[in-house]
Amino acid sequence: MTVLSTSRLTLRPWRVEDASAALEVYGDARVTRWLSPEMDQVPDAAAMKLLLQQWIAESARLAAPAGRWAVEREDDGQVIGGALLLPLPPGQEDLEVGWQVRPDLWGQGYASETTHALATWAFRHDVYEVFAVVRPGNTRASSTVTKNGMHWVGETSKYFGLDLEVYRLRVADIDPAAPASAGPPARD
């Protein structure tokens, strides 16, 4: 798997020894409650190690640009989150961009920076669009994807059997001059 870099972050393959840092992300219900498919809060370091082993094996089987990455802060080398580019079910034809950041670091732009890095990586591999699936009510994720130029395309239960908002980013949308998305309509 390729290592991706931004001005503040390195996206690199997960390692089993990342378990304690990963647990600070995936052991927090504020993170896992929004994941699609739904993911239980990881209870302890042993369970986190097993999950990382699964993710490492999964990434090894996937063709580029797909994979899972640890998100590491450049200035101190701390793992602060995770990121993914994965084929979405049921047809495995749409590519999902996703991220998770430690809650104490929310609001610092790390999710946006990660999303942009992953989309740019995908577009270098003859991928012309990536999708983000967001649970209704997850305003933080909706804000992140729209800041990255993603456009709301509707709601669906196609992915994971859950009601989800779908956002799409095409190659042309990554241009900062592209018009911003209006986002989903207001709910009653």
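Preceding this section is the structure that the text describes.
These numbers come from a predicted model, not from an experiment.

## Description of the environment of E58
And step 1. Structurally, the position occupied by E58 is in helix α3 (residues 45–61).
And step 2. You can call E58 partly exposed: its relative accessible area is 22%.
And step 3. In the structure, E58 is positioned 43 residues away from R15 in sequence and 13 Å away in space, judged by C-alpha atoms.
And step 4. Excluding residues within four positions of it along the chain, E58 makes contact with R68 and L86.
And step 5. Here the side chain of E58 touches R68 through a polar contact of 2.6 Å, side chain to side chain.

## Things to note about the pairing of strand β4 (residues 79–87)
And step 1. Counted residue by residue, β4 has 8 buried out of 9 residues, so it is predominantly covered.
And step 2. Here strand β3 (residues 67–73) runs beside β4; their pairing, made up of 6 bridges, is antiparallel. Counterpart to W69 in the pairing with β4 is A83.
And step 3. From the end of β3 to the start of β4, which pair antiparallel, there are 5 residues, and G77 there has a positive phi angle of about 70 degrees.
And step 4. Relative to strand β5 (residues 95–101), β4 runs antiparallel, the two sharing 7 bridges. Within β5, the residue paired with L86 across the bridge is E96.

## Points about the nonpolar core
And step 1. Residues L11, W69, L85, L118, V130 and M150 are the most contacted members of the largest nonpolar core, which totals 30 residues.
And step 2. Looking at this core, the elements that each hand over two or more residues are β2 (9–13), β3, β4, β5, α4 (110–123), β6 (129–134), α5 (139–147) and β8 (164–170).
And step 3. Looking at which element gives the most residues to this core, the answer is α4, with 7 residues.
And step 4. In contact with L11, not counting residues within four places along its chain, are T2, V3, L4, W69, A70, V71, A83, T114 and L118.
And step 5. Of all hydrophobic cores here, the second largest spans 16 residues; its members include Y26, M39, L51 and W55.

## Some details on α5
And step 1. Restricting attention to buried positions, one finds in α5 the residues A141, S142, T144 and V145. Angularly, the buried residues of α5 cover 160 degrees about the axis, an arc narrow enough to put them on a single face. Residues of α5 that are exposed and point more than 90 degrees away from the buried face comprise T139 and K147.
And step 2. The inward-facing, buried residues of α5 contact β5, α4, β6 and β8.
And step 3. Directly beyond the C-terminal end of α5, a positive phi value near 85 degrees is found at G149.

## Looking at the pattern of salt bridges
And step 1. Scanning all chains against the criterion turns up 13 salt bridges.
And step 2. Between R12 and E72 there is a salt bridge; the shortest N-O distance is 2.9 Å. With R12 in strand β2 and E72 in strand β3, this residue pair connects regions lying 60 residues apart in the sequence.
And step 3. E72 sits in the buried class, given a relative accessible area of 17%.
And step 4. With its nearest N and O atoms 2.7 Å apart, the salt bridge here joins D76 to R73.
And step 5. On the basis of relative accessible area, D76 is assigned to the partly exposed category, the value being 43%.
And step 6. The class of R73 is buried, set by a relative accessible area of 12%.
And step 7. Among the ionic contacts, a cluster of salt bridges with common partners joins R12, D18 and E72.

## Some points on the packing of aromatic side chains
And step 1. Enumeration according to the criterion identifies 3 aromatic pairs in this entry.
And step 2. Aromatic side chains W14 and W55 sit 5.9 Å apart centroid to centroid with 50 degrees between the ring planes, which places their arrangement in the tilted category. Pair noted here: W14 is in the loop between β2 and α1 (19–26) and W55 is in helix α3, with a separation of 41 residues, a long-range link.
And step 3. In this structure W14 comes out as buried when scored by relative accessible area, which is 6%.
And step 4. Residue classification places W55 among the buried residues on the basis of a relative accessible area of 7%.
And step 5. Between Y26 and W55 the ring centres are 5.0 Å apart and the planes differ by 75 degrees, which places this aromatic pair in the edge-to-face class. Of this pair, Y26 sits in helix α1 while W55 sits in helix α3, placing them 29 residues apart in sequence.
And step 6. A residue is classified by how much of its surface remains accessible, and Y26, at 2% relative accessible area, is buried.
And step 7. An aromatic cluster is defined as three or more aromatic residues linked by ring pairs; in this entry it consists of W14, Y26 and W55.

Calculation criteria
Residues numbered from 1 in each chain as written. Predicted model: local features only at pLDDT ≥ 70, side-chain atom pairs only at ≥ 80, totals over all residues. Heavy atoms only, no water. Helix = DSSP H or I, 4+ residues; strand = E, 2+ residues; numbered from the N terminus. Buried < 20%, exposed > 50% of the residue type's maximum accessible area, 1.4 Å probe, protein only. Contact = heavy atoms within 4.5 Å. Polar contact = N/O pair within 3.5 Å; in protein donor to acceptor, adjacent residues only side chain to side chain. Pairing = 2+ DSSP bridges. Core = buried A, V, L, I, M, F, W, Y, C linked by side-chain atoms within 4.5 Å. Arc of directions from axis to C-beta. Salt bridge = Lys/Arg side-chain N within 4 Å of Asp/Glu carboxyl O. Phe/Tyr/Trp six-rings, centres within 6.5 Å; stacked < 30°, edge-to-face > 60°.

Keep in mind these values describe shape, not function.
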